[in-house]
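An overview of the molecular structure
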Amino acid sequence: SRLAAAPALREARGACRAVFSSGGPLDETTARAIAAALGRAPCEILGSTETGGVAVRERGGPDDELWRALPGVSVEARPGDGRLVASSPFVSCGETGADGRQRFAMGDRVRMAPDGRFELLGRADRTVKVGAKRLALPEMERELARHPAVAEAALLVAPRGGETRVHAVVVPSASGRAELAREGRRALGAALADHLGRVWERVLLPRAWRFVDE
């Protein structure tokens, strides 16, 4: 995200042949900002220490949020928890499949598309139980980030009133900062909760809101 905001990035446009990123999935704003500056969208590589490279995506076309497996890699969603299972000559641990290759269940939840590509749904280890209901925190974070008042958002669970509840930390966008100054923290928190309430039950909504600069 800092690279995307650097004015000097455009100076490399004429010499740029390709851009690779493998530190983690890029948010759409960052990926498109780099593409606009360099004339080429980043080629994002998904993988892990245990699996090596697993899949790739490059924004700029239809369904560009979907990932496709790299050559020689097989992927599937594990029944039950939807975790991504990768099988390839590069997998270094896990279980041995019928084809003799190692299979490893990664910490990422996925939704498979009919053509074999997949959508990342967030980390499996960030699914929590609140009010006897299950909630995937990354899914709620993505929905929260879609609100025009939000630049970035992170969720966590913590005790409140003797029960486990969701708490939100938000970096407001420019319009969000203006609304925060005009209406106050309570009003903006209520507006964001209403936004999330279109998807999730009230017991799952954040009960505490913190607005920070970064």
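Residues numbered from 1 in each chain as written. Predicted model: local features only at pLDDT ≥ 70, side-chain atom pairs only at ≥ 80, totals over all residues. Heavy atoms only, no water.

Here's the deal with the sheet that holds strand β4 (residues 68-69)
Keep this limit in mind: Two strands qualify as a pair provided that DSSP identifies no fewer than 2 bridges between them. Think of it this way: any DSSP run of H or I at least four residues long counts as a helix, any run of E at least two long counts as a strand, and we number them from the N terminus.
If you walk across this open sheet you meet the 4 strands as β1-β2-β3-β4, and the pairing is mixed. Of all strands in the sheet, those with a lone pairing partner are β1 (20-21) and β4, marking the two edges. Where strand β3 (residues 52-58) lies against β4, 2 bridges are found, and the strand directions are antiparallel. Its bridge partner being in β4, alanine 55 is matched across the sheet by alanine 69.

A look at the packing of aromatic side chains
The line we're drawing: Any two rings among Phe, Tyr and Trp, with Trp reduced to its six-membered ring, count as a pair given centres within 6.5 Å; such a pair is stacked if its planes are under 30 degrees apart, edge-to-face if over 60, and tilted if neither. Here the term buried applies to any residue with accessible area under 20% of the maximum for its type, exposed to any over 50%, and partly exposed to those in between, with areas from a 1.4 Å probe on protein chains only.
What the rule picks out here adds up to 1 aromatic pair. Measuring from centroid to centroid gives 6.4 Å for tryptophan 209 and phenylalanine 211, while their planes differ by 10°, and the two rings are stacked. On the basis of relative accessibility, which here comes to 7%, the residue tryptophan 209 falls in the buried class.

Overview of the packing of helix α3 (residues 174-183) against helix α4 (residues 185-197)
Think of two packed helices as two axes; the pair is described by the angle between the axes and how far apart they sit. Note the threshold: Every axis corresponds to a line fitted to the C-alpha atoms, with the helix fit spanning only the stretch in contact, and the corresponding angles, defined between N-to-C directions, vary from 0 to 180 degrees. Oblique is the label for every angle not falling under 35 degrees (roughly parallel), over 145 degrees (roughly antiparallel), or within 65 to 115 degrees (roughly perpendicular). Any two residues whose heavy atoms approach within 4.5 Å at even a single point are treated as in contact. Charged means Asp, Glu, Lys or Arg here, nonpolar means Ala, Val, Leu, Ile, Met, Phe, Trp, Tyr, Cys or Pro, and polar covers whatever is left, Gly included.
Contact geometry for α3 and α4: axes closest at 7 Å, N-to-C directions at 130°. Relative to α4, α3 is oriented oblique. Across the interface between the two elements, Gly176, Glu179, Leu180 and Glu183 from α3 touch Arg185, Ala187, Leu188 and Ala191 from α4. Broken down by class, the residue content of the contact of α3 with α4 amounts to 4 nonpolar, 1 polar and 3 charged.

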